[in-house]
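Structural description and commentary
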Amino acid sequence: MAKSDDCVHILQGLLVFGNVVIGMCGIALTAECIYVVSNPHGAYPLLRATENSDIHAAAWIGIFVGLALFALSILGIIAVIKASRTLLLVYIILMIITFAFEMASCITAATHQDSLTPNVFLKQMLERYQKSDPNNNSDNEVTKTWDELMRQNHCCGVNGPSDWQEYTSAFRVTHSDADYPWPRACCVLDAKGLPVNLDGCKLGVSGYYNSNGCYDAMSGPVNAHAWGVAWFGFAILCWTFCVLLGTMFYWSGIEY
Amino acid sequence: TRTTLTTLTMLPLLLLLLPAAHGIAQVGPPPALAKKQLEWVTTATTFVLDQPRCVFRDYGNAVIWLVVAQDKDAFNNSAGPGTPETAFQSFPESVSAYMTLNATLGSYPCPKPAGEITVLRVGSETSCTKDVSRPTCNGPLPGPGPYWVKFLALEGSVPVAETVWSEPIMLRTAKSPNSLPAAGSGHSAGMIAITAILSILLAILLAALVATLVFCGSESCGSSTFSKPESVTVRRYNTHHVYDQPAARL
């Protein structure tokens, strides 16, 4: 009898511990998703222009799921200690609903990360950079974002200056190939923002132009955000799964 | 004898020189793209040649011109630069070749100093493309080519030396961005793993919930390990109530 008592106590202890971990992870998830939402990386306007800001949807869901997990974990601790059937049933059902939402958020974040190939950015850059339509705000944003990206990260294009030579672009329509084999932002600029050696830049002499592409600089933060939301959420869900199974087992053993 | 000998030797030499005096000396290596100096030697409308260093050494008085042709056989060396027959603005519709980038030997000192990039960019002047008053404009090439080039040294208006024609030069053609594959069609292993595993976990949870409700919903679950400690817990509740009731009575 004492042994069965101990079993119950151990199970209760484990469930309480499991819920404490869920509560803390919920807070961490909320904090991380608030960070992702409020801290857009430099390339975020480009993502918005591709109409692909799923990572934000995933992060917003993550914020609410995190808070829900925290609240439910407190409910779970109370329910386990009180060994109350109704409270535990409510807890289990609400947790499964939260599980489903968090699952949606994880899958969205993982899919979003997959869809951001270099070609997506390349096509957008070629079609919209320096497109001479002053009425279109989102094109101007694309131009401004790319100029800043190229200046700050000392890079050119998505894969390199060859992007501007291999493909026709909106930029090429207004800027002749002889004068602008690639945009001026691809040149090494001095403190005033003028090319250090314009002829050297046009000729492609290393040291006077940026010969590497911007994709690495862009994809780093994008991937970090997506992986943070997706994989951390996945880990929480695996733990929650175990706790919920244990809770159901415990619930089935409680007498009325 | 010496004189006879010299006259005899002079005669064949004179015979050899006579045709040369009417022709042009062929010098140096043919013009070539500056591949050894630069990475970007062609764009869509320009190309970059090595400067003709140490090629026209013997022609200090000459002006060295670059001839760019789409049909090398049609070019006549006696055509003068700056005339309508060699004007850039009429190329390639009316004329098959134009002359540009004139320089004296002083611009091409020999030998080439090490570490310097000595190139000629053909097609870099965009301001005079339509300006007929500048027929020797070094304007952007009108199409992908192929083009042949050679250097021609003129003293006054007399051609004195030339290089052979270069290899045909093809410029780049750009593709349309529509040829890029459609956006994000691949699915990584990570995303598939997450989706699959989470779906399975959710399914198990729902199944377990349904099973628990069905089997244990109305009645207590009889055969679980808690059944023995159940009686113990009931007793504990009883003792709890036993203690409570006397307290309530009081």
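Keep in mind that what you see is a predicted model, and the values were worked out from it rather than measured.

Attention shifts here to the overall build of chain A. What chain A contains, in helices and strands, is ten helices and zero strands. Taken from the N to the C terminus, the helices and strands of chain A come in the order α-α-α-α-α-α-α-α-α-α. Expected size for 256 residues packed as a compact globule is a radius of gyration near 18 Å; at 26 Å, chain A overshoots this value by more than 25%. Taking the principal axes of its C-alpha atoms as reference, chain A extends roughly 90 × 35 × 30 Å. In chain A, which comprises 256 residues, the share counted as buried stands at 53%. Of the roughly 11,100 Å² that chain A leaves accessible, carbon and sulfur atoms contribute 64%. Taken as two groups, the 13 positive and 21 negative side-chain charges of chain A have centres that lie 4 Å from each other.

Within the secondary structure, Glu127 of chain A sits in helix α5 (residues 118-128). Considered as a pair, Glu127 of chain A and Lys82 of chain A are 45 residues apart in the sequence and their alpha carbons are 63 Å apart. If near-sequence neighbours (up to four positions away) are discounted, Glu127 of chain A is found in contact with Ala170 of chain A together with Pro177 and Asn178 of chain B.

Our next topic: the interface of chain A and chain B. With 61 residues of chain A at the contact, the number on the chain B side is 61 residues. Between chain A and chain B, the buried area comes to about 5,000 Å², and carbon and sulfur atoms account for 72% of it. The largest share of the area that chain A buries against chain B comes from Asp114, Gln165 and Leu203 of chain A, three residues that together contribute 12% of it. Between the two partners, chain A and chain B, sit zero salt bridges. At the junction of chain A and chain B, the tally comes to nine residue pairs in polar contact (both at pLDDT 80 or more). A breakdown of the residues in the side of chain A that touches chain B according to their chemical character gives 38 nonpolar, twelve polar and eleven charged.

Here the focus is the domain arrangement of chain A. If you check the domain split of chain A, you get domain 1 (1-116 + 222-253) and domain 2 (156-212). Once you take the C-alpha centre of each, domain 1 of chain A and domain 2 of chain A turn out to be 48 Å apart.

All names here are of chain B. Taking strand neighbours across the sheet as the criterion, the five strands line up as β1-β7-β6-β3-β4 in an open arrangement whose pairing is mixed. What marks the edges here is a single partner per strand, and that holds for β1 (25-26) and β4 (97-104). Looking at chain direction, strand β3 (residues 63-69) and strand β6 (residues 148-155) are connected through seven bridges and run antiparallel. Its bridge partner lying in β6, Ala69 is registered against Trp148.

All right, on to the packing of helix α10 (residues 215-252) of chain A against helix α2 (residues 189-216) of chain B then. Running from N to C, α10 of chain A and α2 of chain B point in directions that differ by 15°, and their axes come no closer than 11 Å. Considered as vectors, α10 of chain A and α2 of chain B are oriented roughly parallel to each other. In terms of crossing hand, the pair formed by α10 of chain A and α2 of chain B is left-handed. Residue-level inspection shows Ala230, Trp231, Phe234, Leu237, Cys238, Phe241, Leu244, Leu245, Met248, Trp251 and Ser252 of chain A of α10 of chain A in contact with α2 of chain B, the latter providing Gly190, Ile194, Ile197, Leu198, Leu201, Ile204, Leu205, Ala208, Leu209, Thr212, Leu213 and Cys216 of chain B. Here the residues of the contact of α10 of chain A with α2 of chain B sort into 20 nonpolar, three polar and no charged.

With that out of the way, let us pick up the layout of surface pockets. Taken as a whole, the second largest pocket spans an internal volume of roughly 220 Å³. In terms of lining, the second largest pocket is formed by Asp199, Lys202 and Leu203 of chain A together with Gln51, Ile117, Val119, Leu120, Arg121, Ser124 and Asn138 of chain B. Contributions of two or more residues to the lining of the second largest pocket are made by α9 (198-203) of chain A together with β5 (119-122) of chain B. Its residues assigned to classes, the lining of the second largest pocket comprises four nonpolar, three polar and three charged.

With that out of the way, let us pick up α2 of chain B. Taking 1.5 Å of rise per residue, 28 residues should cover 40 Å, and α2 of chain B covers 40 Å from first to last C-alpha, within 8% of that figure. Taken together, the buried positions of α2 of chain B are occupied by Met191, Ile194, Leu198, Leu201, Leu202, Leu205, Ala208, Leu209, Thr212 and Cys216 of chain B. Each element contacted by the buried residues of α2 of chain B is listed here: α4 (85-115) and α10 of chain A.

A few words now on the UniProt feature "transmembrane region" (unreviewed entry) in chain A. Cross-referencing UniProt, the feature "transmembrane region" (unreviewed entry) maps to residues 12-37, 57-81, 88-110 and 229-251 of chain A in the present numbering. A distance of 32 Å separates the end C-alpha atoms of residues 88-110 of chain A, which is 100% helix and 0% strand.

Okay, empty space enclosed by the protein next. Residues and elements named next belong to chain A. With the rule as written, the count across this model stands at three cavities of 30 Å³ or more. Taken together, Val36, Pro40, His41, Tyr44, Leu47, Ile55, His56, His112, Val222 and His225 form the lining of the largest cavity. Listed by contribution, the elements that provide at least two residues to the lining of the largest cavity are α2 (44-49), α3 (54-82) and α10. Of the residues in the lining of the largest cavity, the class split is six nonpolar, four polar and no charged.

Let us look at unusual backbone geometry. Residue and element names in this part refer to chain B. In this chain, Phe91 is followed by Pro92 through a cis amide linkage whose omega measures -5°. In this fold, Pro92 is placed in the loop between β3 and β4. In the Ramachandran plot, Cys54 falls in the positive-phi region, its phi being about 60° despite a non-glycine side chain. Positionally, Cys54 belongs in the loop between β2 (47-50) and β3. Cys54 gets classed as partly exposed once you look at its relative accessible area, which sits at 27%. Unlike most non-glycine residues, Leu101 shows phi in positive territory, near 55°.

Before going further, it helps to spend a moment on the UniProt feature "transmembrane region" (unreviewed entry) in chain B. Annotation from UniProt places "transmembrane region" (unreviewed entry) at residues 189-216 of chain B. End C-alpha to end C-alpha, residues 189-216 of chain B measures 40 Å, and it is 100% helix and 0% strand.

Calculation criteria
Residues numbered from 1 in each chain as written. Chains lettered and ligands numbered in written order. Predicted model: local features only at pLDDT ≥ 70, side-chain atom pairs only at ≥ 80, totals over all residues. Heavy atoms only, no water. Helix = DSSP H or I, 4+ residues; strand = E, 2+ residues; numbered from the N terminus. Rg over C-alpha atoms; globule rule 2.2 N^0.38 Å. Buried < 20%, exposed > 50% of the residue type's maximum accessible area, 1.4 Å probe, protein only. Areas by Shrake-Rupley, 256 points an atom, 1.4 Å probe, with all protein chains shown as cover. Lys, Arg positive; Asp, Glu negative; His and termini not counted. Charge placed at Lys NZ, Arg CZ, Asp CG, Glu CD. Contact = heavy atoms within 4.5 Å. Buried area = accessible area lost by both parts, 1.4 Å probe. Salt bridge = Lys/Arg side-chain N within 4 Å of Asp/Glu carboxyl O. Polar contact = N/O pair within 3.5 Å; in protein donor to acceptor, adjacent residues only side chain to side chain. Nonpolar A, V, L, I, M, F, W, Y, C, P; charged D, E, K, R; others polar. Domains from an automatic or database assignment. Pairing = 2+ DSSP bridges. Axes fitted to C-alpha atoms, helices over the stretch in contact; angles between N-to-C directions. Parallel < 35°, antiparallel > 145°, perpendicular 65-115°, else oblique. Left-handed = near helix turned anticlockwise from the far one by under 90°. 1 Å grid on protein atoms, 1.4 Å probe; cavity = no way out; pocket = protein on both sides within 12 Å on 5 of 7 lines; lining within 4 Å. Points joined across faces, edges and corners; volume = space filled by probe spheres on them. Expected span 1.5 Å × (residues − 1). UniProt positions renumbered as here; feature names shortened; annotations may be inferred.

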